[in-house]
Number of protein chains: 2
Amino acid sequence: MKSELQVFQDYIRLRELRRTPERERILREIFEIHGHFDVDGLYLQLKQKGVKVSKASIYRALPLFIDCGLVREVEFSQGHWHYEHIYGHSHHNHLRCLSCGEIQEFENLFLHCLEEQLAKEYGYRIKSHHLQVEGLCPACRQREDEAGRS
Amino acid sequence: MKSELQVFQDYIRLRELRRTPERERILREIFEIHGHFDVDGLYLQLKQKGVKVSKASIYRALPLFIDCGLVREVEFSQGHWHYEHIYGHSHHNHLRCLSCGEIQEFENLFLHCLEEQLAKEYGYRIKSHHLQVEGLCPACRQREDEAGRS
DNA sequence: TTTTTATTGAGATTCATTCGCTATAGTACT
DNA sequence: AGTACTATAGCGAATGAATCTCAATAAAAA
Ligand SMILES: [Mn+2]
Ligand SMILES: [Mn+2]
Ligand SMILES: [Zn+2]
Ligand SMILES: [Zn+2]
């Protein structure tokens, strides 16, 4: 399997763009982040490490990473986008706790069938799906129950 | 079944807010819109009818309608939110054409099972889910095929 | 090297959304 | 009806994420 850097370099060559240290540094940082991130968090994390990249460069690099399948937009919340790297991970969806924000990832063997069914029923050629489930995690569920009882 | 106006009035009383002609006019307009809408479109539609409400009032009213289950956010795209009224409609998800933007609504008998499975597996109390499927509609699919052949 | 031109950083700009202010108008209680 | 209380409306200003501008820089190709 190609490294994410290799994937990006191939993409850069294909699109006749240029390899730059900024883009590759941002990419490396993204693949060091465990979990979801936003532009501001990524920027601050780089800044703390003494890496000098501008927010504009991050905003300009993200669409490239997304375009070549390394990163995806996860959700728009708190007024801005949140992302995650996906290269090397199996496709998954998110179960989010409405109370504490904890995110549980899960895989769905079934949604493939749904896609096929939709393709047949409506004549669409399905490209992707995005499922987000929300609820209360075990801890917050318990807390809610106790609050309700009193 | 209560009317959407009645639902809203009950909610207003419960939360000890005030009935105002603006809020009720905005609500009425929303339930006259077939399909999805955004704040700007709603505002212009009201303006064209000679109704004088400010955008700020729309922005302030929407969270109330969402809170009492009359309206929901559909998706964030093109830099802003899109909404739809849901009261009186069965729960549905969206199949969107990536090329022309056409939206096909569909119901999912199955996702209930998925919710139960997730509840069991992770101990979550599921509150809602949001599934968005993307692809090419029949017309755009055909157009893509023809372009590829030539 | 030299040339070409994509990319960068910093600041300006855009645009959706929110906020602050004051006048107004719902609501409740005489 | 009249009065008091205060939530809400409208307006313009403020906010903040994302994009754009532009001069300086540095990849890539020759
Ligand atoms: Mn994830
Ligand atoms: Mn819909
Ligand atoms: Zn939780
Ligand atoms: Zn289409």
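This report concerns the structure included in the present document.

Here we come to the pairing of strand 2 (residues 80–85) of chain A. All names here are of chain A. Sheet topology places strand 1 (residues 71–77) next to strand 2; 6 bridges connect them, and they run antiparallel. If you follow Phe76 over to strand 2, its bridge partner there is Trp81. Connecting strand 1 to the antiparallel partner strand 2 that follows it, the hairpin turn spans 2 residues, and Gln78 within it adopts a positive phi of roughly 55°.

With that settled, the discussion passes to the coordination of the zinc ion (ligand 4). All names here are of chain B. Every protein donor of the zinc ion (ligand 4) is accounted for by Cys97 (SG), Cys100 (SG), Cys137 (SG) and Cys140 (SG), and the metal-donor separations fall at 2.2 to 2.4 Å. Taken in sequence order, the residues that donate to the zinc ion (ligand 4) follow the motif C-x2-C-x36-C-x2-C. One end of the pair, Cys100, is in the loop between strand 3 (93–97) and strand 4 (103–106); the other, Cys140, is in helix 6 (residues 138–149), and 40 residues separate them in sequence. Owing to a relative accessible area of 5%, Cys140 belongs among the buried residues under this scheme.

In this section: the protein's contact with DNA strand D. A:Tyr59, B:Arg18, B:Arg23, B:Ser57 and B:Arg60 are the nearest of the 19 residues found near DNA strand D. Restricting the count to atoms of DNA strand D within 4 Å of the protein gives a sugar and phosphate share of 67%. Between DNA strand D and the protein, one listed contact pairs a phosphate oxygen with a side-chain N or O atom of B:Thr20 at 3.1 Å. One nitrogen or oxygen atom from the main chain of B:Lys52 is found 2.9 Å from a phosphate oxygen belonging to DNA strand D.

The next thing to look at is the packing of helix 2 (residues 21–32) of chain A against helix 4 (residues 55–67) of chain A. Residues and elements named next belong to chain A. One way to put it is that helix 2 packs onto helix 4 with a least axis distance of 10 Å and a crossing angle of 70°. Relative to helix 4, the element helix 2 lies roughly perpendicular. For the pair helix 2 and helix 4, the contacting residues are Arg23, Ile26, Leu27 and Ile30 in the first and Ser57, Ile58, Ala61, Leu62, Leu64 and Phe65 in the second. Each residue belonging to the contact of helix 2 with helix 4 can be placed in one class, and the counts come to 8 nonpolar, 1 polar and 1 charged.

Let us now look at the layout of surface pockets. A volume near 1600 Å³ is recorded for the largest pocket. Along its surface, the largest pocket is lined by 48 residues, and A:Val74, A:His130, A:Gln132, B:His130 and B:Gln132 are the ones closest to its centre. Contributing elements (two or more residues each) for the lining of the largest pocket: strand 1 and strand 5 (125–136) of chain A together with strand 1 (71–77), strand 3 and strand 5 (125–136) of chain B. In terms of residue count, strand 1 of chain B provides more of the lining of the largest pocket than any other element does, 7 residues in total. Its residues assigned to classes, the lining of the largest pocket comprises 14 nonpolar, 22 polar and 12 charged. Counted as a void, the second largest pocket has a volume near 190 Å³. Taken together, A:Ile33, A:His34, A:Gly35, A:His36, A:Glu84, A:His85, A:His89, A:His92, A:Ile103 and A:Glu105 form the lining of the second largest pocket.

Residues and elements named next belong to chain A. Taken together, His36 (NE2), Glu84 (OE), His92 (NE2), His94 (NE2) and Glu105 (OE) make up the protein donors of the manganese ion (ligand 1), found 2.0 to 2.6 Å from the metal. Read from N- to C-terminus, the donor residues coordinating the manganese ion (ligand 1) fall into the pattern H-x47-E-x7-H-x1-H-x10-E. Neither residue differs from the other here; Glu84 and His92 are each classed as buried.

Rules used in this analysis
Residues numbered from 1 in each chain as written. Chains lettered and ligands numbered in written order. Predicted model: local features only at pLDDT ≥ 70, side-chain atom pairs only at ≥ 80, totals over all residues. Heavy atoms only, no water. Pairing = 2+ DSSP bridges. Helix = DSSP H or I, 4+ residues; strand = E, 2+ residues; numbered from the N terminus. Donors = N, O, S within 2.8 Å, 3.2 Å for Na, K, Ca; no water. Buried < 20%, exposed > 50% of the residue type's maximum accessible area, 1.4 Å probe, protein only. Near = heavy atom within 4 Å. Polar contact = N/O pair within 3.5 Å; in protein donor to acceptor, adjacent residues only side chain to side chain. Axes fitted to C-alpha atoms, helices over the stretch in contact; angles between N-to-C directions. Parallel < 35°, antiparallel > 145°, perpendicular 65-115°, else oblique. Contact = heavy atoms within 4.5 Å. Nonpolar A, V, L, I, M, F, W, Y, C, P; charged D, E, K, R; others polar. 1 Å grid on protein atoms, 1.4 Å probe; cavity = no way out; pocket = protein on both sides within 12 Å on 5 of 7 lines; lining within 4 Å. Points joined across faces, edges and corners; volume = space filled by probe spheres on them.

None of this, on its own, says anything about what the molecule does.
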